[in-house]
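Topology and contacts: notes
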Amino acid sequence: MKKETLIEFQKDLAAEFLTPLLRSAYETISDACKNAQLALNRKAGINLDAVKFAFPSDRAANLAEKLSSYPTTEDAMWVLGEPVVSFCLNLVDEAVRVNAEALAAAGFLPRVRRISDSATCAFCNSHAGVYVPPLKEDAFRRHERCRCLILLDVDGKPNAYIQRLYADTNASVRDARIARVLAAENRAARDG
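All values derive from a computational prediction rather than experimental measurement.

Some words on the nonpolar core
Among the nonpolar cores identified, the biggest contains 21 residues, and Leu22 and Phe87 are the most heavily contacted of them. Sorting the residues of this core by element identifies helix H1 (2–43), helix H2 (57–68) and helix H4 (82–105) as the ones contributing at least two each. With residues up to four places along the chain from it excluded, the contact list for Phe87 reads Leu22, Phe55, Pro56, Arg59, Ala60 and Leu63.

Okay, structure coming up:
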């Protein structure tokens, strides 16, 4: 019984320490992403506000739990390194995702470009490419220490073809059409 109480105390202490740190990172990153997206929208002539996403409290709680699961401070210190960096990268990824979906819902054709950070990483190379909403998780999936660049390309022209695709009720037909459009664009960019 005493051990459970100590573990619960450690979890509370870790959450009390880590959550404000992660929330501060969230505020800074989400505000910067919102301002950058607003500037991109204005530059493209799109009169649409940028979308700010919610704080991922479940991820923060998971990090706090991971931090509290180690018997010594020295053992737990690694959690404040790469996992926090990954948390911050995922904040940027989420900003890209929600804004791409908002632009698509407004009738534009946003493109999420994933650029591989490593020429030798099979995982990164297999996920590199161009994605359009509805976005699959593959566009944002990362491995430990992944530093792939995920960008949102904004086109200021409403795309009637894409608007018709979103009106389709059959999602698989819509996804197949979008894949064909992207394949043609990728071929044109590569050949041209």
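Comments concerning the sheet that holds strand E2 (residues 129–131)
As summarised here, the arrangement of the three strands in space is E2-E1-E3, forming an open sheet in which the pairing is antiparallel. Two strands lie at the open edges of the sheet, namely E2 and strand E3 (149–153), each paired on one side alone. Pairs of neighbouring strands in the sheet enclose a mean axial angle of 25°, with direction left out of account. Summarising the sheet, strand E1 (residues 111–115) and E2 pair through three bridges and their orientation is antiparallel. Bridged to Arg114 within E2 is Gly129. Here H4 sits on the sheet and contacts E1 and E3; the angle it forms with E3, its principal contact strand, is near 25°.

Brief notes about the packing of H2 against H4
The N-to-C vectors of H2 and H4 enclose an angle of 175°; their axes lie 11 Å apart at closest approach. When the axis of H2 is compared with that of H4, the two are roughly antiparallel. Contacts between H2 and H4 pair Arg59, Ala60 and Leu63 from the former with Pro83, Ser86, Phe87 and Asn90 from the latter. Classifying every residue of the contact of H2 with H4 gives four nonpolar, two polar and one charged.

Regarding the environment of Leu109
Positionally, Leu109 belongs in the loop between H4 and E1. Sequence spacing of Leu109 and Lys157 is 48 residues, and the spatial spacing of their C-alpha atoms is 7.9 Å.

Comments concerning H2
Helical geometry note: an α-helix holds 3.6 residues per turn, so side chains three or four residues apart project in the same direction. End to end, H2 covers 16 Å across twelve residues, agreeing with the expected 16 Å (1.5 Å per residue, within 8%). For H2, the full list of buried residues reads Ala60, Leu63, Ala64, Leu67 and Ser68. In a view along the axis of H2, the buried residues occupy a sector of 135°, so they form one face of it.

A word on unusual backbone geometry
Glycine aside, residues mostly have negative phi, and peptide bonds are mostly found in the trans state. Cis rather than trans, the peptide bond between Pro133 and Pro134 has omega equal to 5°. Phi is positive for Arg145, which is not a glycine, with a value near 65°. On the secondary structure map, Arg145 appears in the loop between E2 and E3.

Rules used in this analysis
- Residues numbered from 1 in each chain as written.
- Predicted model: local features only at pLDDT ≥ 70, side-chain atom pairs only at ≥ 80, totals over all residues.
- Heavy atoms only, no water.
- Core = buried A, V, L, I, M, F, W, Y, C linked by side-chain atoms within 4.5 Å.
- Buried < 20%, exposed > 50% of the residue type's maximum accessible area, 1.4 Å probe, protein only.
- Helix = DSSP H or I, 4+ residues; strand = E, 2+ residues; numbered from the N terminus.
- Contact = heavy atoms within 4.5 Å.
- Pairing = 2+ DSSP bridges.
- Axes fitted to C-alpha atoms, helices over the stretch in contact; angles between N-to-C directions.
- Parallel < 35°, antiparallel > 145°, perpendicular 65-115°, else oblique.
- Nonpolar A, V, L, I, M, F, W, Y, C, P; charged D, E, K, R; others polar.
- Expected span 1.5 Å × (residues − 1).
- Arc of directions from axis to C-beta.

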